[in-house]
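# Architecture and fold: a report
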Amino acid sequence: MKVTDSVQYIKGVGPKKKAELNRLGIVTVYDLLTYFPRTYEDQSVLTRISDLRVGEQQTISGIITKLQERQGGRRGMTILTALISDGSGFLQVTWFNQNYLKKQLQVGRRIFVTGRASYAFGGRGQFAMSQLSSFQILTEEEDAAAQCGIQPVYPATERLNQKFFRKLLKEALAADVELPEVLPAAVCRQYHLMARREALATIHFPKDFTALKAARRRLAFEELYLIQCGLMLLKQKLQQSAKGIRHGADGVLLQRVEKSLPFALTHDQDGAWQDIRQDMERDLPMRRLVQGDVGSGKTVIAMLALVKTVENGCQGAMMAPTEILAEQHYESFCRQLQPFGIRISFLSGRLTKKQREAVYQEILRHETDIVIGTHALIQEEVHFHRLGLVVTDEQHRFGVAQRTALEKKGDCVPDVLVMTATPIPRTMTLTVYGDLDVSLIRELPPGRKPIRTFVRRPDRRPLIYRYVHSQLEEGRQAYVVCPLIEMDEESKLPSAEEIYDELRYGIFQDMPCGLVHGRMRPADKEAVMEAFYQGDIKLLVSTTVIEVGVNVPNASIMVVEHADRFGLSQLHQLRGRIGRGSYASYCILVSEGKTQQARERLNIMEKTADGFQLAEEDLRLRGPGQFFGSMQHGLPDLKIANVLKDSDILIEARKAALESLRRQEDLAFVLPILELQYQEQFRHITES
């Protein structure tokens, strides 16, 4: 059997089970073998019923002495209750609406039960399993002692329970499945890694926790190593495959533009600019990420790089994720660069067909030097005469395919500059942007007013909004951010629409208010944002669509409703919409803070304005799942590695990948594996 065979070839999988497995993303034998347990239950130590400790996870083994079935609830649910004894006491276990268990639950049968104990209601000192984690009913032939041990716990469904997954994985591992090694032998020896077949068997059914740790290390290393190899090979192939553009040293035009800037570059800005300048003057195409906190001045660095490519007879392109952000870049570039004779064009989907075609011709004939736009830049009709530099703003908003499409718009391989205001911890950067060199801008430019942040309970809302109104009376503008667009019956949180109506017809009835959210038509959304930008709207009620948005220096106050619903990095991005002018700015986070973690997270927001520190805290508190999910932009999913907890493994895997790229035999071994395993993500490596 091959790992690419359908899961239906494994004993115990019929058409219905196959359909259920497919819904979980388990299509092939390989998908099943890499459907890793989410946790484990240590059933190697049994607890006597008389020794059960209330509230703790424990495993007991006993005989079913009594069974009771009754109907309960308004819908007449079936309630099965078993009384279990191990000679030291009695334990009640209850199942709701699981009629199929009636045949299996028989008096006299031995059963293993794992869960958290509580005192049984009316049970005269008896215990009950209030939070049943798992159970196993043994047949007469099964040896009770053999059932103890470390048991895997899988992400299960109503129809596919733990017993099914454990049995199915045992069948798959017992089958004669071809499981070729995917790591070079030299790497396995150097890093003392368990064999792949042994690791897969151990990760599902470990003999002990030492073996489990070794198996997990092996599989996480494999995953991170292959991704690092893919990213490094992509970068290497791009640098070697086609000629790059070697830009000359800075000329008169660039020097004049630099002197015209109304401010001096900060130390970090200057460092990033030196990195870019050196990259552009090399033969190899630049691939650099400028990672800077909100408002750190990344755009001016991108502008200088674009001027450098123009001075060298090339064209530059800058792609932004929203029309209003692209238009804002266009306006600021025009003000700064047109006095020097630099021709700038704007391209977006809202232009008429005639206007777009005119821009296409300007680009093709090199009648424009810098084109700023949205994803409209990657349309088939766009062809550059000589594209020297591609800048993508807020990279994580674009897929890797979109970035690549823009890079292919010229005859030569252009230099690539990627900018993000989303601070990413170092381990995340190695994984998400492993094919890019990284420059950091941590300082804020002089003159930026610090944003004071406060956490307040919902009962302070009347006072908060009275203060916001007083700020608007003084000529300022304000944002109110909400987590929901419409009323949600489950959450019962007020929506953006409800809060907008409450404020517009209440305390702010004398102020022009606006509402913007993700379900609005793009044209309507842009119109509201434009009105806020121009100062026609004083109070903007919004969802997170403003997270990457327009620069409104007059906006000095933000209220975030139900702030505990947002991640720290997201709150920091939102907070970065204010404090862009010369006015004192305030961010007020409204939250009940019901949990200790929610209070801790928001207190961190009060104490620090450092986006990088907040990103680390966010990763620590929330885990990498959500964070990594929004950042991957086309990289393979991580099935077992955790970029937060496995930073040491990641660094080892990256070192091993670098070494493998220098060893021809390792490279020959890895290439076909990357093509087979990650064909969509890394197909560019093997394309001739």
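That block above? That's the structure.
In this text the structure is predicted, and so the values were computed from the model without any measurement. (Residues numbered from 1 in each chain as written. Predicted model: local features only at pLDDT ≥ 70, side-chain atom pairs only at ≥ 80, totals over all residues. Heavy atoms only, no water.)

Turning to the overall build of the protein, a few remarks are in order. Each helix and strand in the protein was counted, giving 23 helices and 20 strands. Looking at the 688 residues of the protein, the share that counts as buried comes to 53%. Of the contacts formed within the protein by residues at least 6 apart in sequence, a portion of 74% connects residues at least 24 apart. For the protein, the accessible area works out to roughly 32,000 Å², and carbon and sulfur atoms hold 49% of it. (Helix = DSSP H or I, 4+ residues; strand = E, 2+ residues; numbered from the N terminus. Buried < 20%, exposed > 50% of the residue type's maximum accessible area, 1.4 Å probe, protein only. Contact = heavy atoms within 4.5 Å. Areas by Shrake-Rupley, 256 points an atom, 1.4 Å probe, with all protein chains shown as cover.)

Bringing the sheet that holds strand 10 (residues 344-347) into the picture now. Pairing within the open sheet is parallel, and its seven strands lie in the order 10-11-9-12-13-8-14. Two strands lie at the open edges of the sheet, namely strand 10 and strand 14 (437-441), each paired on one side alone. Neighbour-to-neighbour, the strand axes of this sheet turn through a mean angle of 20 degrees, independent of strand direction. The pairing of strand 8 (residues 287-292) with strand 13 (residues 415-420) spans five bridges and is classified as parallel. Considered in strand 13, the bridge of Arg288 is made with Leu417. Strand contacts of helix 9 (residues 298-311): strand 8, strand 9 (315-319), strand 11 (370-373), strand 12 (387-393), strand 13 and strand 14, with the helix running at about 155 degrees to strand 9, the strand carrying the most contacts. (Pairing = 2+ DSSP bridges. Axes fitted to C-alpha atoms, helices over the stretch in contact; angles between N-to-C directions.)

Here the focus is the sheet that holds strand 19 (residues 555-560). Taken in spatial order, the six strands line up as 15-20-19-16-18-17 in an open sheet, and their pairing is parallel. Each end of this open sheet is capped by a strand with a single partner; those strands are strand 15 (451-456) and strand 17 (513-516). Strand after strand, the sheet turns through a mean of 15 degrees between neighbouring axes, direction not considered. Contacts from helix 17 (residues 568-575) reach strand 15, strand 16 (477-481), strand 19 and strand 20 (585-590), with the element oriented near 150 degrees to strand 19. Here helix 18 (residues 596-607) sits on the sheet in contact with strand 15 and strand 20, set at roughly 155 degrees to strand 15.

Its place among the elements puts Ser556 in strand 19. Setting aside chain neighbours within four positions, we find Ser556 in contact with Gln471, Arg476, Gln477, Ile578, Tyr583, Ala584, Ser585 and Tyr586.

Our focus in this paragraph is the pairing of strand 9. For strand 9, a buried count of five out of five residues is recorded, marking the element as mostly surrounded by other parts of the structure. With burial as the criterion, each face of strand 9 is covered, one bearing Gln315, Ala317 and Met319 and the other bearing Gly316 and Met318. Pairing of strand 9 with strand 12, which is carried by five bridges, proceeds in the parallel orientation. When the sheet's bridge partners are listed, Met318 is paired in strand 12 with Val391. Strand direction decides the pairing type here: strand 9 and strand 11, joined by four bridges, are parallel. Within strand 11, the position partnered with Ala317 by the bridge is Val371.

Glancing now at the packing of helix 10 (residues 323-337) against helix 16 (residues 522-534). The geometry of helix 10 relative to helix 16 is characterised by a closest axis approach of 10 Å and an angle of 40 degrees between their N-to-C directions. On the basis of their axis angle, the class for helix 10 and helix 16 is oblique. For the pair helix 10 and helix 16, the contacting residues are Glu323, Ile324, Glu327 and Glu331 in the first and Glu526, Met529, Glu530 and Tyr533 in the second. (Parallel < 35°, antiparallel > 145°, perpendicular 65-115°, else oblique.)

Moving on: the nonpolar core. Residues Ile10, Leu21, Leu32, Phe165, Phe221 and Tyr225 are the most contacted members of the largest nonpolar core, which totals 53 residues. When contributions to this core are tallied by element, the ones reaching two or more residues are helix 2 (29-33), helix 3 (162-174), helix 4 (185-190), helix 5 (196-204), helix 6 (209-241), helix 21 (647-662) and helix 22 (664-677). Ranked by residues supplied to this core, first place goes to helix 6 with eleven residues. Excluding residues within four positions of it along the chain, Phe221 makes contact with Leu183, Val187, Tyr191, Leu193, Ile649, Glu652, Ala653 and Ala656. Core analysis: the second largest hydrophobic core is formed by 52 residues, Val307, Ile363, Val371 and Leu389 among them. (Core = buried A, V, L, I, M, F, W, Y, C linked by side-chain atoms within 4.5 Å.)

On to the environment of Arg663. Inspection of the secondary structure assignment puts Arg663 in the loop between helix 21 and helix 22. Sequence separation between Arg663 and Ala186 is 477 residues, and the spatial gap between their C-alpha atoms is 9.9 Å. Aside from chain neighbours lying at most four places away, what touches Arg663 is Ala186, Val187 and Gln190.

So, on to the environment of Lys298. Mapped onto the elements of the fold, Lys298 is located in helix 9. Judged by relative accessible area, which is 9%, Lys298 ranks as buried. When the C-alpha atoms of Lys298 and Trp273 are compared, they prove to be 9.7 Å apart, with 25 residues separating the residues in sequence. Dropping the residues within four chain positions of it, Lys298 is found in contact with Val290, Gly292, Asp293, Met419, Thr420, Ala421 and Ile441.

The next thing to look at is the pairing of strand 2 (residues 57-72). Regular strands show a simple pattern: their side chains alternate between the two faces of the sheet. In this sheet, strand 5 (residues 110-119) lies alongside strand 2 in antiparallel orientation, the contact comprising seven bridges. Of the residues in strand 5, the one forming a bridge with Gln58 is Gly115. Strand direction decides the pairing type here: strand 2 and strand 3 (residues 77-85), joined by nine bridges, are antiparallel. If you follow Ile64 over to strand 3, its bridge partner there is Ile84.

One pass over the structure, following the stated rule, counts 25 salt bridges. A salt bridge links Glu222 to Arg196; the shortest N-O distance between them is 3.4 Å. Of this pair, Glu222 sits in helix 6 while Arg196 is found in helix 5, placing the two residues 26 residues apart along the sequence. Note that Glu502 is salt-bridged to Arg461, the shortest N-O span being 3.4 Å. Linking Glu502 in helix 15 (residues 496-504) with Arg461 in helix 14 (residues 461-473), this pair joins segments that are 41 residues apart in sequence. Among the residues examined, Glu502 registers a relative accessible area of 41% and is labelled partly exposed. (Salt bridge = Lys/Arg side-chain N within 4 Å of Asp/Glu carboxyl O.)

No statement about biological role is implied by the geometric values presented.
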